[in-house]
Amino acid sequence: MTEIFVRQLLKRFDNGKIGVNEVSFEVNDGEFVALVGPSGCGKTTTLRLIAGLEPATSGEIRFGDRRVNDIRPRDRNVAMVFQDYAVFPHLTVSENIAYGLRARGGYTREDINGRVLKAAKMFRIDSLLKRKPRQLSGGERQRVALARAVARDADVYLFDEPLSNLDAQLRHQAREDIMMLHEQKRKPTVYVTHDQSEAMALGNRIAVMRAGKLEQIGTGQDLYSRPANLFVAFFIGAPSINLFDGMLIADGTSIYADCGVFKVLLPGSFTQKIGAHVGKPIKVGIRPEDMHVPKQAPFDVTEDNTIKGILNEIEPSATGSIAYLSTVEGDRDYVATFRIRLPASYIGKEIPLGINMEKIHLFDVESERSLLYG
Ligand code: ATP
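As a starting point, this report considers the structure included with it. (Residues numbered from 1 in each chain as written. Predicted model: local features only at pLDDT ≥ 70, side-chain atom pairs only at ≥ 80, totals over all residues. Heavy atoms only, no water.)

**A word on the sheet that holds strand E8 (residues 189–193)**
Sheet architecture is open: six strands sit in the order E6-E7-E8-E3-E9-E10, paired in mixed fashion. The two strands at the open ends of the sheet, each matched to only one other strand, are strand E6 (78–81) and strand E10 (213–218). The mean inter-strand angle of the sheet, taken between neighbouring strand axes irrespective of direction, is 20°. Where strand E3 (residues 32–36) meets strand E9 (residues 205–210), four bridges bridge the pair, whose relative direction is parallel. Bridging across to E9, Val-36 finds its partner in Val-208. (Pairing = 2+ DSSP bridges. Helix = DSSP H or I, 4+ residues; strand = E, 2+ residues; numbered from the N terminus. Axes fitted to C-alpha atoms, helices over the stretch in contact; angles between N-to-C directions.)

Here it is, written out as structure tokens:
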């Protein structure tokens, strides 16, 4: 049994820049954790620290009960697949796959040949064993890198954006190849990507990083339904969450979110968590699938949770359609923009948009923490 334990890991580069800032998480035996976040947030640095390619400034990395901070990369028994595949151009496919086995030693020639062939068959490159990497397509080179990782019995598997050089179709196939590798090895795996949908598709759990810090770790469902802060709420989910500036207001025992474009009654079950925030500005988050016109709504739609307005336009976008709704609240007119999937037949009509209030998100404006799940 091996787990990866990362405790208070800090990396300060020679120029003083902090790449990873007191990050702690663990990857259980057999677990696949996807590490996501925007460019420069510290994903690759975290992976390189685990692999031993960079020394940590402080903090601890353990594989099971073995502290590995001071162990050389080759003695950590880590298999790593990189974005550029890192296949050796002067070696054949077969030699590339065998490389890790030879470098580590302890394998007989027959064992190496058997493992190379088995790994090559698994990734459908057994007919290419004598070729050099320059005679391969990008997808084939990437499979060589995967075959090299699977040929070995590493304790830990690390992937650094291994699919980013592949087109969409190959990427889909390659994701399945990576899952196959993981199914077979069942070792703790960390997979770096900047693509949240890839992370959602692959990871048992997802760790979201921003500016060197770990913002939240959990299952895709956890991060989607219970984001701890505004950043995670916005980063996870496509189309992304709708966000509105608003204010928490109270009327007797009821608490409302007043966003100008709409005012909705919040569930009584929220009161304990949000009561102290009444009178303060908030950000309100609503996932596109938590808004429906009443006849489609899978939840009760009432006056208290409905936004009424005229649907002016639906604009297709890469991440889903964007609807522009003219709303009237009190004596004020607004055009509100929602990311939501609606049929074009609604254009020009007055529609009520019901909100599934149990699924609404409320964030403190200053700290950006969720009032409900932070
Ligand atoms: P990307 O998705 O763009 O690959 P990333 O999340 O993997 O980004 P890292 O490569 O880990 O980010 O970099 C984290 C931060 O540390 C960045 O601001 C980067 O500029 C900085 N950094 C990385 N390597 C070094 C280095 N050797 N010296 C100084 N700063 C570095």
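**Observations concerning the site of the ligand**
Taken together, the neighbourhood of the ligand is formed by 13 residues, with Ser-39, Gly-40, Lys-43, Thr-44 and Thr-45 sitting nearest. At 2.5 Å, a side-chain N or O of Thr-45 approaches an oxygen atom of the ligand. Burial of the ligand by the surrounding chains reaches 62%, relative to a free accessible area of 640 Å². For the shell around the ligand, the leading source of residues is helix H1 (residues 43–51), giving three residues. Its residues assigned to classes, the shell around the ligand comprises three nonpolar, seven polar and three charged. (Near = heavy atom within 4 Å. Polar contact = N/O pair within 3.5 Å; in protein donor to acceptor, adjacent residues only side chain to side chain. Areas by Shrake-Rupley, 256 points an atom, 1.4 Å probe, with all protein chains shown as cover. Nonpolar A, V, L, I, M, F, W, Y, C, P; charged D, E, K, R; others polar.)

**Re the sheet that holds strand E1 (residues 4–12)**
If you walk across this open sheet you meet the four strands as E2-E1-E4-E5, and the pairing is antiparallel. Looking at strand neighbours, the two that pair on one side only are strand E2 (18–27) and strand E5 (66–67), the edges of this open sheet. Taken together, the five bridges between E1 and strand E4 (residues 58–63) define a ladder with antiparallel strand orientation. Among the inter-strand pairings, Ile-4 is bridged to a residue of E4, identified as Phe-63.

**So, the pattern of salt bridges**
Applying the stated criterion across every chain, the model contains 19 salt bridges. In this structure, Asp-155 engages Arg-66 in a salt bridge whose closest nitrogen and oxygen atoms are separated by 3.9 Å. In this pair, Asp-155 is assigned in the loop between helix H4 (138–151) and strand E7 (156–160) and Arg-66 in strand E5, connecting sequence segments 89 residues apart. By relative accessible area, Arg-66 is classed as partly exposed at 30%. One salt bridge in this structure joins Glu-215 and Arg-210, with 3.3 Å as the shortest N-O distance. Relative accessible area serves as the criterion here: at 30%, Arg-210 is assigned to the partly exposed category. Residues joined by salt bridges that share partners form a network here, namely Asp-111, Arg-115, Asp-153 and Lys-185. (Salt bridge = Lys/Arg side-chain N within 4 Å of Asp/Glu carboxyl O. Buried < 20%, exposed > 50% of the residue type's maximum accessible area, 1.4 Å probe, protein only.)

**A word on helix H5 (residues 168–185)**
Compared with an ideal rise of 1.5 Å per residue, which puts 18 residues at 26 Å, H5 spans 26 Å between its outermost C-alpha atoms and is within 8% of the ideal. Taken as a whole, H5 has its buried residues at Ala-174, Arg-175, Asp-177, Ile-178, Leu-181, His-182 and Lys-185. Down the axis of H5, the sector holding all buried residues measures 165°, keeping them to one side. Buried residues along H5 sit in contact with E3, helix H3 (109–122), H4, E7, E8 and helix H6 (196–202). (Expected span 1.5 Å × (residues − 1). Arc of directions from axis to C-beta. Contact = heavy atoms within 4.5 Å.)

**Here we look at the nonpolar core**
It is characteristic of soluble globular proteins that their nonpolar side chains tend to be buried jointly. Ile-97, Phe-123, Ile-125, Phe-159 and Leu-181 are the most contacted members of the largest nonpolar core, which has 35 residues in total. The leading source of residues in this core is H4, at seven residues. Those residues within four positions of Leu-181 in sequence are excluded, and the remaining contacts are Met-122, Phe-123, Leu-146, Ala-149, Val-150, Tyr-157 and Phe-159. The next biggest cluster of nonpolar side chains, apart from the first, holds 34 residues, and it includes Phe-244, Leu-248, Val-261 and Met-291. (Core = buried A, V, L, I, M, F, W, Y, C linked by side-chain atoms within 4.5 Å.)

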